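Next come the chains, spelled out residue by residue.
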Amino acid sequence: MNHQTIGDRSHHRAPDHDTGPSPVSPRPPLPSPHPLAPPAPPAPLSPEDLVALRENLQEQRLFREEQLRRLAVLPPGTDAGSEAGIGLAASARMVLADVEAALGRMAEGRYGRCHLCRRPVGRERLVIVPQARYCARCQQVQVRVPVPVQEQEAGR
């Protein structure tokens, strides 16, 4: 009977070269949840998460404000007046509005809740898109069928 543990190499001579990972078979995958089961609720945001997300949003706000200042001072006939420059400024204004709205939700204690279903927005989603108003599921619905602005404002 061999009583040697996996980590015990005392009975083996070290190889002269790296042979890569040991030939221990990987763990079998965990069984997947039932396809009709509701998804697990997202992990709540920690105070540290909120601090980091607030800092990220504040940095984004500063960046967009500076971007808009630079676009506003370009002389006529330059990129600012072109179709691309106009589109860039419009995009920067939209992102800035979303960032400021997210900071407002933080100040009011409503940050991280989906505007449609009122469930928590996943931490992973907020790390990627800290100004997100919707959970991933509702965002997919929102992209397919946009809700008019009046309904969004009434849902606050």
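Residues numbered from 1 in each chain as written. Predicted model: local features only at pLDDT ≥ 70, side-chain atom pairs only at ≥ 80, totals over all residues. Heavy atoms only, no water.

### What about the nonpolar core?
The biggest cluster of nonpolar side chains holds 15 residues, and the ones touching the most others in it are Leu-57, Met-106, Tyr-111, Cys-114 and Leu-126. Those elements giving two or more residues to this core turn out to be α1 (47-72) and α2 (83-108). The biggest single contributor to this core is α2, with 5 residues. Excluding its chain neighbours within four sequence positions, the residues that come into contact with Leu-57 are Val-99, Ala-102, Leu-103, Met-106, Tyr-111, Pro-130 and Gln-131. Listed in part, the 5 residues of the second largest apolar core include Leu-68, Ala-89, Ala-92 and Leu-96. (Core = buried A, V, L, I, M, F, W, Y, C linked by side-chain atoms within 4.5 Å. Buried < 20%, exposed > 50% of the residue type's maximum accessible area, 1.4 Å probe, protein only. Helix = DSSP H or I, 4+ residues; strand = E, 2+ residues; numbered from the N terminus. Contact = heavy atoms within 4.5 Å.)

### What about the pattern of salt bridges?
Inspection of the entire model under this criterion finds 5 salt bridges. One salt bridge in this structure joins Arg-123 and Asp-49, with 3.1 Å as the shortest N-O distance. Note that Arg-123 is positioned in helix α3 (residues 123-128) and Asp-49 in helix α1, a separation of 74 residues in sequence. Salt-bridge contacts for Glu-66 lead to Arg-70; the nearest nitrogen and oxygen are separated by 2.9 Å. One end of the pair, Glu-66, and the other, Arg-70, are both in helix α1, 4 residues apart, so they sit about a helical turn from each other. (Salt bridge = Lys/Arg side-chain N within 4 Å of Asp/Glu carboxyl O.)

### A look at the packing of α1 against α2
Relative orientation of the contacting elements α1 and α2 amounts to 150°, with a least axis distance of 9 Å. On the basis of their axis angle, the class for α1 and α2 is roughly antiparallel. Considering how the two elements wind past one another, α1 and α2 form a crossing that is left-handed. Listed contacts from α2 to Leu-50, Leu-53, Arg-54, Leu-57, Gln-58, Gln-60, Arg-61, Arg-64, Glu-65, Gln-67, Leu-68 and Leu-71 of α1 are Gly-85, Leu-88, Ala-89, Ala-92, Arg-93, Val-95, Leu-96, Val-99, Glu-100, Ala-102, Leu-103 and Met-106. (Axes fitted to C-alpha atoms, helices over the stretch in contact; angles between N-to-C directions. Parallel < 35°, antiparallel > 145°, perpendicular 65-115°, else oblique. Left-handed = near helix turned anticlockwise from the far one by under 90°.)

### Description of the environment of Gln-67
Tracing the backbone shows Gln-67 in helix α1. On a C-alpha basis, the gap between Gln-67 and Leu-88 in space is 9.2 Å, while along the polypeptide they are 21 residues apart. If we skip the residues at most four places from it in the chain, Gln-67 touches Leu-88 and Ala-92.

### Re the environment of Met-94
Along the chain, the position of Met-94 falls in helix α2. By relative accessible area, which is 58% here, Met-94 ends up exposed. Separated by 30 residues in sequence, Met-94 and Arg-64 place their C-alpha atoms 9.6 Å apart.

### Here's the deal with the side chain of Gln-142
With respect to the helices, strands and loops of the structure, Gln-142 is situated in helix α4 (residues 136-144). There is a polar contact of 3.4 Å between the side chain of Gln-142 and the side chain of Tyr-134. (Polar contact = N/O pair within 3.5 Å; in protein donor to acceptor, adjacent residues only side chain to side chain.)

### Here's the deal with the confidence of the model for the protein
Mean pLDDT over the protein works out to 76, with 60% of the residues at or above the 70 mark. Mean pLDDT in the protein bottoms out at helix α5 (residues 149-154), which sits at 52, and peaks at α1, which reaches 95. Within the model, the stretch residues 1-25 combines pLDDT values under 50 with 4 contacts to residues more than four positions away or in other chains. (pLDDT = per-residue confidence, 0-100.)

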